[in-house]
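Examination of the molecular architecture
One letter stands for each residue in the lines below.
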Amino acid sequence: MAGITFKNVVKTYDNGVTVVPDLNLEIKDKEFVVLVGPSGCGKSTTLRMIAGLESITSGELYIGDKLVNDVAPKNRDIAMVFQSYALYPHMTVYKNMAFALELRKTPKAEIDEKVKEAARILELEPYLDRRPKALSGGQRQRVALGRAMVRNPEVFLLDEPLSNLDAKLRTEMRSQISALHKRLATTFVYVTHDQTEAMTMGDRICVMKDGVIQQFDTPQNLYKSPCNMFVAGFIGSPQMNFIEAKVEKAGNGYVLAFDQTRVPVFSDKIAAYAGKEVILGIRPEDLHIEPDLVNSMEDAVITADIDLDEMMGSEIYLYFEIGGKKMISRIPSKFQVKAGDRVKLAVDPGRVHVFDKETEQVICQ
């Protein structure tokens, strides 16, 4: 078993700055978990504590059933893949991948078998005699993965491994790393600031802010049911629109009123906020331009003067303002809307998110 458990872990540096105030986290055996958040949120520090590269100020860290607070990195049965590849420039691909095994005095026949098997899986067989400078960025990153693979570790730790690659290579490597996880059936912990990477790769995603876990859940649940405004705004691209709205009584129910728009709310939880202001969250794809929907929604319609349009191929991003708040809608490109147009956009009332204005915690969604 190679699950990872943090129990009340605190990390404070010598200058008195606490970057992880109280971390409780359980990563299951063979799970692919992504730690995601903005720069300085504590995700890389958390990864480095697992690796043993950062000491723990207090609390307990377990890999499997073993307490590893004072266990040296080399004895933790982990392998780490860095953003910078960290390959030896004077060694061939074969030597780079074999080096850790040679240090362990592994028999040559076993080294050869493991290196060639990793090279086959990662499609590196034609490059085994080359040096890193003769490889592309994607090939170098595959060598770094191969070097970790041959050690057959219980835990893979990956610290922003794709951030040096161009957009096309990043997409390709994402799928390769996901496939590698399925093939190896071992625990992966992956750090990134890119929520697209997190959403496409992780079994579960841990969203962090200021060293505190905001939400730890599946990609689907994070997207559909964010627990607060930070998670709602961080997960999803383009990010969720936020606008202040007042909760008003309307017949037997309630609506969220802003500008000339009235969006019905179907949750009983909103009753406690009657007459108060809340934050309404609307994802860009939940602002619809289809005429039938606009006509059927009646009051839940925004009239928008488009400031900017971005053609994204199958979609267009429309930028506009409502009540001084910048907003964005994502619509099918067949509608061919452009800057300067006035359009009507229907809010899907079944997909809105409502947050407490003071605490920023979710009320209903």
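This section reports on the structure supplied with the text. Everything quoted here is computed from the prediction, not taken from an experiment. (Residues numbered from 1 in each chain as written. Predicted model: local features only at pLDDT ≥ 70, side-chain atom pairs only at ≥ 80, totals over all residues. Heavy atoms only, no water.)

Below, the discussion takes up the overall build of the protein chain. Looking only at helices and strands, the protein chain features nine helices and 22 strands. Across its three principal axes, the protein chain shows a C-alpha extent of roughly 80 × 45 × 35 Å. Split into buried and exposed, the 365 residues of the protein chain put 50% on the buried side. Residue pairs in contact within the protein chain that sit at least 24 positions apart in sequence constitute 65% of those at least 6 positions apart. Roughly 17500 Å² of accessible area belongs to the protein chain as shown, and the carbon and sulfur atoms make up 47% of that amount. Of the charged side chains in the protein chain, 46 are positive and 50 negative; the average position of the first set lies 6 Å away from that of the second. (Helix = DSSP H or I, 4+ residues; strand = E, 2+ residues; numbered from the N terminus. Buried < 20%, exposed > 50% of the residue type's maximum accessible area, 1.4 Å probe, protein only. Contact = heavy atoms within 4.5 Å. Areas by Shrake-Rupley, 256 points an atom, 1.4 Å probe, with all protein chains shown as cover. Lys, Arg positive; Asp, Glu negative; His and termini not counted. Charge placed at Lys NZ, Arg CZ, Asp CG, Glu CD.)

Scanning the entire structure with this criterion turns up 18 salt bridges. Between Glu102 and Lys95 there is a salt bridge, with its nearest N and O atoms 3.3 Å apart. Given the relative accessible area of 31%, Glu102 is considered partly exposed. Residue classification places Lys95 among the partly exposed positions, given a relative accessible area of 39%. Glu117 is the salt-bridge partner of Arg120, the closest N and O atoms lying 2.8 Å from each other. You can see Arg120 and its partner Glu117 sitting in helix H3 (residues 108-121), three residues apart, about one turn around the helix. Owing to a relative accessible area of 37%, Glu117 belongs among the partly exposed residues under this scheme. (Salt bridge = Lys/Arg side-chain N within 4 Å of Asp/Glu carboxyl O.)

Mapped onto the fold, Asp159 is located in strand S7 (residues 155-159). One buried charged residue, Asp159, remains without a salt bridge, the closest side chain of opposite sign being Arg48 at 5.6 Å. Polar contacts involving the side chain of Asp159 include one to the side chain of Ser44, which spans 3.2 Å. The contacts of Asp159, once residues within four sequence positions are left out, are Ser44, Leu47, Met80, Val81, Phe82, Gln83 and Val191. (Polar contact = N/O pair within 3.5 Å; in protein donor to acceptor, adjacent residues only side chain to side chain.)

Attention now goes to the packing of helix H2 (residues 93-103) against helix H4 (residues 137-149). One can describe the packing of H2 onto H4 by two numbers: an axis separation of 8 Å at closest approach and a directional angle of 30°. In terms of orientation, H2 and H4 fall into the roughly parallel class. Every pair of crossing elements has a handedness; the one defined by H2 and H4 is right-handed. Here Val93, Asn96 and Met97 of H2 lie close against H4, whose contacting residues are Val143, Gly146 and Arg147. When the residues that make up the contact of H2 with H4 are grouped by side-chain class, the tally is three nonpolar, two polar and one charged. (Axes fitted to C-alpha atoms, helices over the stretch in contact; angles between N-to-C directions. Parallel < 35°, antiparallel > 145°, perpendicular 65-115°, else oblique. Left-handed = near helix turned anticlockwise from the far one by under 90°. Nonpolar A, V, L, I, M, F, W, Y, C, P; charged D, E, K, R; others polar.)

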